[in-house]
Amino acid sequence: MQTSFSLTQLADPAMAASEKILRTCVHCGFCTATCPTYLLLGDELDSPRGRIYLIKDMLEGNKPAVPEVVKHIDRCLSCLSCMTTCPSGVHYMHLVDHARAHIEETYTRPFGDRALRAVLAFVLPYPNRFRLALLGAKLGSPFRPLVARVPGLGNRLAAMLDLAPAELPNRNRTDRPGTFPAETRALEASAALQGTTAPARTGRVALLRGCAQSVLRPDFNEAAIRLLTRHGVEVVQARGEGCCGALTHHMGKAESSHAQAKRTIDAWIAEMDGEGLDAIVVTASGCGTTIKDYGFMFRDDPAYAEKAARVSGIAKDVTEYMAGLGLMPTLIESDLVVAYHSACSMQHGQGIRTEPKNLLKRAGFAVKDVPEGHICCGSAGTYNILQPEIAGRLRDRKVANIERMRPDVIATGNIGCATQIGKGTAIPIVHTVELLDWATGGPKPAVLEGLASGPTLAAAE
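Here the structure is a predicted model, which is why all the values come from computation and not from measurement.

A few words on the overall build of the protein. In terms of helices and strands, the protein carries 26 helices and 11 strands. Taken along its principal axes, the extent of the C-alpha atoms in the protein is 70 × 50 × 40 Å. The 461 residues of the protein split such that 56% are buried. At a minimum sequence separation of 6, the contacts of the protein that also span at least 24 residues come to 74%. Per element, the accessible surface of the protein, about 19,300 Å² overall, is 55% carbon and sulfur. Looking at the protein, you have 50 positive and 47 negative side-chain charges, and the mean spots of the two groups are 3 Å apart.

Right, let's get into the pattern of salt bridges. Within the structure shown, the criterion is met by 32 salt bridges. The closest approach of N and O atoms between D46 and R51, which form a salt bridge, is 3.5 Å. Accessibility assignment for this pair places D46 and R51 in one class, buried. Its salt-bridge partner being E234, residue R204 comes within 2.7 Å of it at the nearest N-O pair. Here R204, found in strand β2 (residues 203-207), pairs with E234, found in strand β3 (residues 233-237); they are 30 residues apart in sequence, far enough to count as distant. Residues R204 and E234 agree in their burial class; the two are buried. Members of the salt-bridge network, linked through shared partners, are D74, R109, D113, R117 and R156.

Before going further, it helps to spend a moment on the nonpolar core. If you look at the biggest cluster of nonpolar residues, it comprises 96 residues, and the most contacted ones within it are W268, I291, Y294, V311, L360, F365 and L435. Ignoring anything within four residues of it in the chain, the contact list for L360 reads V338, Y340, F365, V367, A411, T432, L435 and L436. If you look at the next biggest cluster of nonpolar residues, it comprises 28 residues, including I55, V70, C76 and Y92.

With that out of the way, let us pick up the sheet that holds β2. The strands making up a sheet associate through hydrogen bonds between their backbones, and the pairing can be parallel or antiparallel. Sheet architecture is open: five strands sit in the order β1-β3-β2-β4-β5, paired in mixed fashion. Looking at which strands have only one partner, the edges of the open sheet turn out to be β1 (178-180) and β5 (315-317). Along the sheet, successive strands turn relative to each other by an average axial angle of 30 degrees, direction set aside. Inspection of the sheet shows β2 paired to strand β4 (residues 279-282) by three bridges, in the parallel sense. When the bridges of β4 are listed, V205 appears paired with A279. Its contacts with the sheet place helix α14 (residues 218-230) against β1, β2, β3 and β4, and it is angled at close to 145 degrees to β3. Contacts between helix α19 (residues 305-314) and the sheet are confined to β4 and β5, with β5 contributing the most and set at about 30 degrees to the helix.

Attention shifts here to the sheet that holds strand β7 (residues 337-340). Reading across the sheet, the four strands line up as β8-β7-β9-β10 and stay open at both edges, with parallel pairing between neighbours. Each having just a single partner strand, β8 (366-369) and β10 (429-431) make up the two edges of the open sheet. The sheet shows a mean angle of 35 degrees between the axes of neighbouring strands, taken without regard to direction. For β7 and β8, the ladder comprises four bridges, and the chain directions are parallel. If you follow A339 over to β8, its bridge partner there is K368.

Parameters and conventions
Residues numbered from 1 in each chain as written. Predicted model: local features only at pLDDT ≥ 70, side-chain atom pairs only at ≥ 80, totals over all residues. Heavy atoms only, no water. Helix = DSSP H or I, 4+ residues; strand = E, 2+ residues; numbered from the N terminus. Buried < 20%, exposed > 50% of the residue type's maximum accessible area, 1.4 Å probe, protein only. Contact = heavy atoms within 4.5 Å. Areas by Shrake-Rupley, 256 points an atom, 1.4 Å probe, with all protein chains shown as cover. Lys, Arg positive; Asp, Glu negative; His and termini not counted. Charge placed at Lys NZ, Arg CZ, Asp CG, Glu CD. Salt bridge = Lys/Arg side-chain N within 4 Å of Asp/Glu carboxyl O. Core = buried A, V, L, I, M, F, W, Y, C linked by side-chain atoms within 4.5 Å. Pairing = 2+ DSSP bridges. Axes fitted to C-alpha atoms, helices over the stretch in contact; angles between N-to-C directions.

So far we have only geometry, and geometry alone does not tell us how the molecule works.
Shown next, in the form of structure tokens:
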């Protein structure tokens, strides 16, 4: 793609990066075949290629954003399926992130839209605020029909109420800063079976506590800690760590997202420079995609460029880390059929496609791929609140494809997907690490209690 940015414009590092991305696009249109919004709406401007033209015109002309551009950029899920499909290597993620920041700086949204986005940015990245908001949503749920009629905002406020859990999970003992020491008994038993000697510790990692996930599904990280420590890994949840910044980053709120990211970077650097870390492990793939991009986000920040690159360099999804570590022999045999839903941020954002499924198979589960697995479920951070109609259609499409497989359980690696899909089906949904934890000696996931099919202890046979 030809561009005509001025030298003055290209002196801005963000503009120079976007110009380079624009020049790699060859207009081939392969991206339209895998773009969820184009598949649903059939509008070229709701495809990556169409949005690239809009972004080019806006940035190249140094124009403030206008409603038509905002509409189509807002409809983008940032699922990044286009990046997997693109034969030219167009880094659409960085381009659309720049466009969103430009929109945030140059466009004044209608008051209701502006207020809702401000509330989401104020509440979601902060677990205590989020917990209070969910309690409020529970009290407000009987008034949903009235809420849905609020002019301009009703559909989105109703979507917020619909997504709130009926019951809020209790806080658990692992949701705190601190260190969880490596266990040795399981390692020693596994080594004895193989005629080897177990190491005292196989690694030391920091685990992202997260924000929304720690409130909605604290059992995800609890299972990850059990799984990791059972495999001889010392787990630390760093003091001072907060939200990774992903939620506000994808809303174009660069100032707040960077501040959140810097706080978390500082917390992890303190651990890296102290006792050291082999990896920073993440159980929410949406967060993982952003953390792995810290090096790019802070590339021009003299105080954080080097620190951010160090953090990104050792960040790993929990299944990515476990695949490298190796799963110990399992203790159960199960006839459960697992539909594995690969989050967009996992398969497209991080390029992790086979590791979670291979681990589940190694653990003895029958794993099925979901048809149209590359198509987003409609969660996408705050998308299912800000664009509820499109998100609802994508969720229904995803659920229909999953239910065709007739699985006993759905496994995924992202809290947003678990929440979104879980609102559309009665099939229980768990994090991949919950099944791996159970298979190697942990408790059965609570949502699986009562299933007709289940495990027997392999050692008892």
